[in-house]
Amino acid sequence: MMNATFPQVRIVPLRMLKPETAERLLNMLAGIAGIRRMMIHGPGLPKKVPYGPARGSPNPHPDRRAIHVGDAEIALRIAAGEVILEVEDASVIEEIRSLCDGFFMGFSYQLQEGRFMKTAPTLVDYAKYGPCADTMFIGLADPRNGEGPVLIRTER
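Residues numbered from 1 in each chain as written. Predicted model: local features only at pLDDT ≥ 70, side-chain atom pairs only at ≥ 80, totals over all residues. Heavy atoms only, no water.

By the naming in an unreviewed UniProt entry, the protein goes by Methyl-coenzyme M reductase, protein D and is assigned to Methanoculleus marisnigri.

Asker: Would you take a moment to explain the overall build of the protein for this structure?
Answerer: If you tally the helices and strands in the protein, you get 3 helices and 6 strands. Listing every helix and strand of the protein by position from the N terminus yields β-α-β-β-β-β-α-β-α. Taking all 156 residues of the protein together, 34% fall into the buried category. In the protein, 71% of the contacts between residues at least 6 apart in sequence involve partners at least 24 apart. Accessible surface, the protein as shown: approximately 9400 Å² in total, 54% of it carbon and sulfur. (Helix = DSSP H or I, 4+ residues; strand = E, 2+ residues; numbered from the N terminus. Buried < 20%, exposed > 50% of the residue type's maximum accessible area, 1.4 Å probe, protein only. Contact = heavy atoms within 4.5 Å. Areas by Shrake-Rupley, 256 points an atom, 1.4 Å probe, with all protein chains shown as cover.)

Asker: What's the story with the sheet that holds strand 2 (residues 35–41) in this structure? I'm lost.
Answerer: Hydrogen bonding along the main chain pairs the strands of a sheet, whether they run parallel or antiparallel. Reading across from one edge, 2-5-1-6 is the order of the 4 strands in this open sheet, with antiparallel pairing throughout. This sheet does not close on itself; its edge strands, each paired only once, are strand 2 and strand 6 (109–114). If you compare each strand with its neighbour and ignore which way they point, the axes differ by 20° on average. Pairing geometry for strand 1 (residues 8–13) and strand 6, over 6 bridges, is antiparallel. Within strand 6, the residue paired with P13 across the bridge is Y109. On top of the sheet, helix 1 (residues 19–30) reaches strand 1, strand 2 and strand 5 (82–87); it is set at about 170° to strand 2, its chief contact. Sitting on the sheet, helix 2 (residues 91–103) is in contact with strand 1, strand 2, strand 5 and strand 6, with an inclination near 170° to strand 6. (Pairing = 2+ DSSP bridges. Axes fitted to C-alpha atoms, helices over the stretch in contact; angles between N-to-C directions.)

Asker: Explain the packing of aromatic side chains here, please?
Answerer: The description of two aromatic rings rests on the distance between their centres and on the angle between their planes. Taken as a whole, this structure holds 3 aromatic pairs when the rule is applied. Aromatic side chains F103 and F104 sit 5.1 Å apart centroid to centroid with 85° between the ring planes, which places their arrangement in the edge-to-face category. Neither F103 nor F104 differs from the other in exposure class; each is buried. Plain terms: the ring middles of F104 and F107 are 5.6 Å apart, the flat faces sit at 65° to each other, and that makes the pair edge-to-face. For F104, a relative accessible area of 6% gives the class buried. (Phe/Tyr/Trp six-rings, centres within 6.5 Å; stacked < 30°, edge-to-face > 60°.)

Asker: Help me understand the side chain of Q8, please; the structure alone is not making it clear to me.
Answerer: You can see Q8 is positioned in strand 1. Overall, Q8 belongs to the buried group, its relative accessible area being 2%. A polar contact is formed between the side chain of Q8 and the backbone nitrogen of F116, at a distance of 2.6 Å. (Polar contact = N/O pair within 3.5 Å; in protein donor to acceptor, adjacent residues only side chain to side chain.)

Asker: Help me understand the pattern of salt bridges in this model?
Answerer: When the charged atoms of two side chains with opposite charge come close together, those side chains can pair. Under the defined criterion, the tally for this structure stands at 8 salt bridges. One salt bridge in this structure joins K18 and D63, with 3.5 Å as the shortest N-O distance. In this pair, K18 is assigned in the loop between strand 1 and helix 1 and D63 in the loop between strand 2 and strand 3 (66–69), connecting sequence segments 45 residues apart. The partly exposed category is assigned to K18, whose relative accessible area is 45%. Of the residues examined, D63 reaches a relative accessible area of 14% and is grouped as buried. Across the pair R65 and E20 runs a salt bridge, and its minimum N-O distance is 3.1 Å. (Salt bridge = Lys/Arg side-chain N within 4 Å of Asp/Glu carboxyl O.)

Given below as structure tokens:
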């Protein structure tokens with residue numbers, strides 16, 4: 001279990017973000033010192049149609065592609081609906097707010113403070129990472145996904 005409790009922030013734009021817009025926002029956020037963890041959340045974009053008369057046929061969605069954040073390439077399998085951040089201290093939140101005020105000029109957004117990521121290991125975390133899991137990955141496991149979270153390294 002984590003000893004310290006870190007503030008968490010959720011950025012909720014009025015609209016779903018296109019991959020290009022999400023990439024720009026995430027790269028700007030990655031440049032801010034003091035952000036510990038970042039998670040993108042939104043509805044999935046499956047490779048194949050999951051139900052209905054076209055079930056099993058390919059689902060060629062234009063937003064399902066790779067984006068580059070920092071030095072990592074991320075396969076975007078969701079429509080970016082919100083960005084959840086865990087920060088070192090509350091002073092970073094104002095820097096995030098000013099960045100978002102300048103970024104979201106064409107439409108509105110909400111910046112919410114609260115608890116949005118798990119801070120204690122769950123059964124899924126234990127099954128995926130084992131008993132000695134890195135605390136940076138707690139709450140980021142998707143049991144249906146064979147891949148783990150992407151670690152982004154930035155130069156600061």
